[in-house]
Amino acid sequence: DVVLTQTPPTLSATIGQSVSISCRSSQSLLDSDGDTYLNWLLQRPGQSPQLLIYSVSNLESGVPNRFSGSGSETDFTLKISGVEAEDLGVYYCMQATHAPLTFGSGTKLEIK
Amino acid sequence: EVQLVESGGGLVQPGRSLSLSCAASGFTFSDYNMAWVRQAPKKGLEWVATISYDGTNTYYRDSVKGRFTISRDNAKSTLYLQMDSLRSEDTATYYCARHVMDAWGQGASVTVSS
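Enquirer: Whenever I open this one, the overall build of chain A confuses me. Can you help?
Expert: Summing up its helical and strand segments, chain A has 0 helices and 11 strands in all. In sequence order, chain A lays out its α and β elements as β-β-β-β-β-β-β-β-β-β-β. The C-alpha radius of gyration of chain A comes to 13 Å, within 12% of the 13 Å expected for a compact globule of 112 residues. Taking the principal axes of the C-alpha coordinates as reference, chain A spans close to 40 × 25 × 25 Å.

Enquirer: Help me understand the sheet that holds strand β1 (residues 3–7) of chain B, please; the structure alone is not making it clear to me.
Expert: The strands making up a sheet associate through hydrogen bonds between their backbones, and the pairing can be parallel or antiparallel. Residues and elements named next belong to chain B. The strand order β1-β3-β8-β7 describes an open sheet built from 4 strands, whose pairing is antiparallel. A single partner strand is all that each edge strand has here, and the edge strands are β1 and β7 (68–73). Strand-to-strand, the axes of this sheet are offset by a mean angle of 15°, without reference to chain direction. Bridge count for β1 against strand β3 (residues 18–25) is 5 bridges, and the pairing is antiparallel. Bridging from a neighbouring strand, serine 7 pairs with serine 21 of β3.

Enquirer: Help me understand the state of the cysteines, please; the structure alone is not making it clear to me.
Expert: Such a bond, covalent and formed between the sulfur atoms of two cysteines, is termed a disulfide. Under the defined criterion, the tally for this structure stands at 2 disulfides over all chains. Between the sulfur atoms of cysteine 23 of chain A and its disulfide mate cysteine 93 of chain A the distance is 2.1 Å. One disulfide, between cysteine 23 of chain A and cysteine 93 of chain A, carries an S-S torsion of 75° and so falls in the right-handed class. A residue pair is termed long-range when its members are at least 10 positions apart, and cysteine 23 of chain A in strand β3 (residues 19–25) and cysteine 93 of chain A in strand β9 (residues 89–95) qualify at 70 residues. By relative accessible area, cysteine 23 of chain A is classed as buried at 0%. Here cysteine 22 of chain B pairs with cysteine 96 of chain B through a disulfide, and the sulfurs are 1.9 Å apart. A residue pair is termed long-range when its members are at least 10 positions apart, and cysteine 22 of chain B in strand β3 and cysteine 96 of chain B in strand β9 (residues 92–98) qualify at 74 residues. In this structure cysteine 22 of chain B comes out as buried when scored by relative accessible area, which is 0%.

Enquirer: Sorry if this is basic, but what is going on with the side chain of aspartate 87 of chain A here?
Expert: Residue and element names in this part refer to chain A. Mapping aspartate 87 onto the fold places it in the loop between β8 (75–80) and β9. Take aspartate 87: its relative accessible area is 0%, and that puts it in the buried class. A distance of 2.7 Å separates the side chain of aspartate 87 from the side chain of arginine 66, its partner in a polar contact. Not counting residues within four places of it along the chain, the set of residues in contact with aspartate 87 comprises Leu42, Arg66, Phe67, Ile80, Gly82 and Leu109.

Enquirer: What should I look at first to understand the environment of lysine 108 of chain A in this one?
Expert: Residues and elements named next belong to chain A. By the element assignment, lysine 108 lies in strand β11 (residues 107–111). Along the backbone, lysine 108 and cysteine 93 are 15 residues apart, and their C-alpha atoms lie at a distance of 12 Å. Apart from residues lying up to four places away in sequence, lysine 108 is in contact with Pro9, Thr10, Leu11, Gly89 and Val90.

Enquirer: Any chance you could explain the packing of aromatic side chains here in plain terms?
Expert: When we look at a pair of aromatic rings, we describe it by the centre distance and by the angle of the planes. All names here are of chain B. Overall, the coordinates contain 4 aromatic pairs over all chains when judged by the stated rule. Centroid distance phenylalanine 27 to tyrosine 32: 5.3 Å. Interplanar angle 90°. Geometry classified as edge-to-face. By relative accessible area, which is 16% here, phenylalanine 27 ends up buried. On the numbers, 5.7 Å between centres and 80° between planes, the contact of tyrosine 95 with tryptophan 104 is edge-to-face. Summarising the burial analysis for this pair, tyrosine 95 and tryptophan 104 share the class buried. Feature note: the residues Phe27, Phe29 and Tyr32 constitute an aromatic cluster, connected by ring pairs. Stacked on the ring of phenylalanine 29, the Lys or Arg arginine 72 has its end atom at 4.2 Å from the ring centre.

Reading guide: rules and limits
Residues numbered from 1 in each chain as written. Chains lettered and ligands numbered in written order. Predicted model: local features only at pLDDT ≥ 70, side-chain atom pairs only at ≥ 80, totals over all residues. Heavy atoms only, no water. Helix = DSSP H or I, 4+ residues; strand = E, 2+ residues; numbered from the N terminus. Rg over C-alpha atoms; globule rule 2.2 N^0.38 Å. Pairing = 2+ DSSP bridges. Axes fitted to C-alpha atoms, helices over the stretch in contact; angles between N-to-C directions. Disulfide = S-S within 2.5 Å. Buried < 20%, exposed > 50% of the residue type's maximum accessible area, 1.4 Å probe, protein only. Polar contact = N/O pair within 3.5 Å; in protein donor to acceptor, adjacent residues only side chain to side chain. Contact = heavy atoms within 4.5 Å. Phe/Tyr/Trp six-rings, centres within 6.5 Å; stacked < 30°, edge-to-face > 60°. Lys NZ or Arg CZ within 6 Å of the ring centre and 35° of its normal.

Okay, here's the thing in structure tokens:
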């Protein structure tokens, strides 16, 4: 199975600060169809996960543009440009290039 | 509005069975592959199973193969998960989701304990 390693496990930020989360894959996530199926999700406290970014860098509808994704092959980054209070929660990367679908272990974002 | 609503969770003894349902609305259910994802208490997300849009193909994580069965009724826009021979390690909140993970239900809690 593909292992996704997220760092850091915990992140503490002030409102307005920019932060980045890294997701490293044990295998290239570039699919034979040319797409890279690496997504980012946010799970707010007590809520279900929600999709933020799909295919590395595509913003899901309704997601604020302070969220951005980048990367390729095995190294990916989620950036939040100007953290807001509502951004607290656990961020997960997930891959759907290789079966079975796998998730990273999560990065908890706390607001100082 | 896309909605996924799970039902059927609860407390069950080890070795017994439980069935979950997920009622979908707000989109054409039969167009989408669907999945079950679970989250053990205080743990991360774990994919459980996926079913193709027409129900012809199913996929399972190794730890549930032979014990869990994913199915769907496109006429009722409903996804199912039949869980047999339950173990304590199956204790989790079970979410139904579109396989592309762009829509999730609120989750159904399953506790396996004697």
